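# Overview (structure and organization)
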Amino acid sequence: MSEGKTVIESVLREDRKFAPPAKFASAAHVRSFADYEKLYAEAARDPEAFWGGIAGSHLDWFTRWTQVLDWQPPFAKWFVGGKLNVSHNCLDRHLATPTRDKVALLWEGEPGDSRKLTYAELHHEVCKAANVLKGLGVKAGDRVGIYMPLVPELAVAMLACTRIGATHSIVFGGFSAEAVRDRMNDAKAKVVITADGGYRRGGVVPLKASVDQALAEGVPSVEAVLVLKRTGDDVPMVAQRDHWWHDEMAKASADCPAVPLDAEHPLFILYTSGTTGKPKGVVHTTGGYLTHVTYSTKLVFDLKDDDVYWCTADIGWVTGHSYVVYGPLANGATSLMFEGAPNHPKPDRIWEIVAKYGVTILYTAPTLIRSVVKWGEEWPAKHDLSTLRLLGTVGEPINPEAWMWYHDKIGGGRCPIVDTWWQTETGGIMISPLPGATPTKPGSGTLPLPGIHPDVVDRTGKSVGLNQGGLLVVRKPWPGMLRTIYGDPERYVKQYWSEIEGNYFTGDGARRDSDGYYWVMGRIDDVVNVAGHRLGTMEIESALVSHRAVAEAAVVDRPDDVKGQALAAFVTLEGQYQASDKLKAELREHVAKEIGAFAKPDDIRFTDSLPKTRSGKIMRRLLRDIAAGKESVGDTTTLEDLSVLARLRESDE
Ligand code: WTA
């Protein structure tokens, strides 16, 4: 035991570096660290020339831009005057090449059903779906809400929107009816695309029922609902408003030219959690976003024509947008989609799929790796994983132990690992190794992509220098950056560009080591990453206080071995309510109803009062220590000593 621990500790030393395997490097797009440095320097010398070159060589434009960047801080316009279409770039332009008959989407449903769509077939479906949307009155600039399971039609729906210039807003299928209602109202969606249901761990997620409930509570902008039949369960259809996907598709023409759209045309709105109770609609546009995701997919995943690429993210999150759909398809890759849970029906489902389809690139979240470790190494060991050549992670810091396990047990020691740091707001990957070029260190995202300029700074915006902790910022605009928060440009300015004058503020804390490698430590604001899902503690607090029994609530994160972070809620009750396990369960269900089951607090503790500073601010640091067990308050559910602790601590808050 102690010997094993020593081995792990020596492995965890920061100077432990893994050079890109020679065989991998020799065939990679960027083959050496010197080449990476050259590319980085070239991009830094003239970022606009660099990004203009990438946009020109990686994408098809109907009209070329006249100006690469119009930067009116903090508002950016990229490729001004350029016209292009995302669906054309992901589909049509491949049809004149051998990619035409290559598999674009490889799909496995949770019950084990499977489908393949070639680029030509996907194009055909997308054209028809675009005509269906037109038939429902959707025009360029309209918003379309999407709330679907992970089925090929979800990608078809996205691409159909982009084909006609409709802006999609996808809501992850784990969100509740209330969350759907709020997002559809904020986006003023004209049409919602959903399904009767989706499969999850052998059960059915009743998506259509949630849409019905959301609309019944009032989403006046929605004129029509398009419903895909996935489970075959009986769902009531509202006359005039609801339409079956298959009926409409059967009638639709497959002729639908892709509309040339302005480079700054809004491509999608994706709601994400911030530091207030209200999620924000992050707006991404057409030309810059597609340039960034196309280029980063190719470089970071070192895509080759025969790769079978699998990003396990749900398309309801940004990773799915950028690295299941748009990045891979723009590169003409084969992208695998899996509808279900990674351990259903057994803990080797994920490895069974890798072996079945000969997956070569696997991109997943640290939380999944930690779960796999917990389920036991016998499960991956049962399967032939020898087709894998590259592994990736995203969404949260990966602890070095999990990295090593992934490297050895899944990658067989031969696959480089790309630990990619980015955010919903950045659109695409910002910091990551290039697998053929950058030596990796377990737990570090290493270095920025060429064209990206992060830094670690203090509150005044000054670089803190190597080996010092600070705030992670981005110094210069980049093409995939969010353009605004939908309907709230002031919040965009305040949230991202006011904290550190002249810089994009990420909300993350980080440190650079003596090699200049970035170590992202996690959020320093009230955003948490629970099992790879981004949540705002304030959102959960608002959900809790909307329950009649709750007077006040504070939600903080605590470390969790598998999920990375778990949620602990401290709740004070209205006078007439008594603390009980029954009430705890009820409050957890209430959060599931308000936001979604994935947002349920792991711990709920009732307290007489919340510890506050004299000015009335909740002492979150103290609560965090209590939640993590660092500060002992006994096992009582009534934390009377909180006020004492608060007084003791007040000086250092
Ligand atoms: C965290 C997901 C460490 C970070 C693409 C960021 C990471 C937030 C990494 C964004 C990584 C993402 N290492 N932390 N490789 N990748 N994060 O918007 O805190 O869901 O700010 O985007 O996830 O989460 P989001």
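For the structure, check the block above.
Residues numbered from 1 in each chain as written. Predicted model: local features only at pLDDT ≥ 70, side-chain atom pairs only at ≥ 80, totals over all residues. Heavy atoms only, no water.

### Brief notes about the overall build of the protein chain
Of the regular secondary structure elements, the protein chain holds 21 helices and 30 strands. Against the compact-globule benchmark of 26 Å for 653 residues, the protein chain has a radius of gyration of 24 Å, which places it among compact chains. The buried share among the 653 residues of the protein chain stands at 61%. Taking all contacts inside the protein chain whose residues are at least 6 apart in sequence as the whole, residues at least 24 apart take part in 72%. When the accessible surface of the protein chain is totalled, it reaches about 24800 Å², and 51% of it is carbon and sulfur. Charge-centre separation for the protein chain: the mean point of 75 positive side chains lies 2 Å from the mean point of 84 negative side chains. (Helix = DSSP H or I, 4+ residues; strand = E, 2+ residues; numbered from the N terminus. Rg over C-alpha atoms; globule rule 2.2 N^0.38 Å. Buried < 20%, exposed > 50% of the residue type's maximum accessible area, 1.4 Å probe, protein only. Contact = heavy atoms within 4.5 Å. Areas by Shrake-Rupley, 256 points an atom, 1.4 Å probe, with all protein chains shown as cover. Lys, Arg positive; Asp, Glu negative; His and termini not counted. Charge placed at Lys NZ, Arg CZ, Asp CG, Glu CD.)

### Overview of the packing of aromatic side chains
Inspection of every chain in the model, using the stated rule, returns 30 aromatic pairs. On the basis of an interplanar angle of 90 degrees and a centroid distance of 6.0 Å, the ring pair of Tyr-289 and Tyr-326 is categorised as edge-to-face. One end of the pair, Tyr-289, is in helix α11 (residues 287-300); the other, Tyr-326, is in helix α12 (residues 318-330), with 37 residues separating them in the sequence. Tyr-289 sits in the buried class, given a relative accessible area of 1%. Tyr-326 gets classed as buried once you look at its relative accessible area, which sits at 0%. With a centroid separation of 5.8 Å and 85 degrees between ring planes, the pair formed by Trp-317 and Phe-598 is classed as edge-to-face. (Phe/Tyr/Trp six-rings, centres within 6.5 Å; stacked < 30°, edge-to-face > 60°.)

### Re the pairing of strand β5 (residues 114-118)
Moving residue by residue along a regular strand, the side chains alternate between the two faces of the sheet. As judged from the five bridges shared by strand β4 (residues 103-108) and β5, these two strands associate in the antiparallel manner. Paired with Val-103 across the bridge in β5 is Thr-118. From the end of β4 to the start of β5, which pair antiparallel, there are five residues, and Gly-112 there has a positive phi angle of about 105 degrees. (Pairing = 2+ DSSP bridges.)

### Overview of the site of the ligand
Near the ligand, the surroundings consist of 17 residues, among which Asp-419, Thr-420, Thr-424, Asp-508 and Arg-534 are the closest. With respect to the ligand, the side chain of Asp-508 contributes an N or O atom lying 2.7 Å from an oxygen atom. Between an oxygen atom of the ligand and a side-chain N or O atom of Asn-529, the distance comes to 3.2 Å. Relative to its unbound accessible area of 530 Å², the ligand is 96% covered by the protein chains. Where the shell around the ligand is concerned, the elements lending two or more residues are α12, β20 (417-420) and β25 (518-523). Taken together, the residues of the shell around the ligand sort by class into six nonpolar, six polar and five charged. (Near = heavy atom within 4 Å. Polar contact = N/O pair within 3.5 Å; in protein donor to acceptor, adjacent residues only side chain to side chain. Nonpolar A, V, L, I, M, F, W, Y, C, P; charged D, E, K, R; others polar.)

### Re the pattern of salt bridges
Counted by the stated rule, this structure contains 44 salt bridges. Between Asp-242 and Arg-241 there is a salt bridge, with its nearest N and O atoms 2.6 Å apart. Residue Asp-242 is classed as buried on the basis of its relative accessible area, which comes to 9%. A salt bridge links Asp-513 to Lys-441; the nearest nitrogen and oxygen atoms lie 2.7 Å apart. (Salt bridge = Lys/Arg side-chain N within 4 Å of Asp/Glu carboxyl O.)

### Quick look at the nonpolar core
With 164 residues, the main nonpolar core has Leu-122, Ile-193, Phe-301, Tyr-326 and Val-571 as its most contacted residues. Setting aside residues no more than four positions away along its own chain, Tyr-326 makes contact with Val-86, Cys-90, Met-158, Leu-159, Thr-162, His-168, Leu-267, Phe-268, Tyr-289, Leu-290, Val-293 and His-321. In terms of nonpolar packing, the next biggest core, distinct from the first, is built from 29 residues, Phe-338, Trp-351, Leu-362 and Ala-402 among them. (Core = buried A, V, L, I, M, F, W, Y, C linked by side-chain atoms within 4.5 Å.)

### Points about the environment of Gly-461
Tracing the sequence through the fold places Gly-461 in the loop between β21 (454-457) and β22 (469-474). Judged by relative accessible area, which is 15%, Gly-461 ranks as buried. Gly-461 has contacts with Arg-475 and Ile-500, leaving out every residue within four places of it along the chain.

### A short note on the packing of helix α8 (residues 177-187) against helix α9 (residues 207-216)
One can describe the packing of α8 onto α9 by two numbers: an axis separation of 8 Å at closest approach and a directional angle of 55 degrees. It follows from the interaxial angle that α8 and α9 lie oblique. Relative to α9, the crossing made by α8 is right-handed. For the pair formed by α8 and α9, the contact residues are Ala-177, Glu-178, Val-180 and Arg-181 on the first element and Ser-210, Gln-213 and Ala-214 on the second. Residues that form the contact of α8 with α9 fall into these classes: three nonpolar, two polar and two charged. (Axes fitted to C-alpha atoms, helices over the stretch in contact; angles between N-to-C directions. Parallel < 35°, antiparallel > 145°, perpendicular 65-115°, else oblique. Left-handed = near helix turned anticlockwise from the far one by under 90°.)

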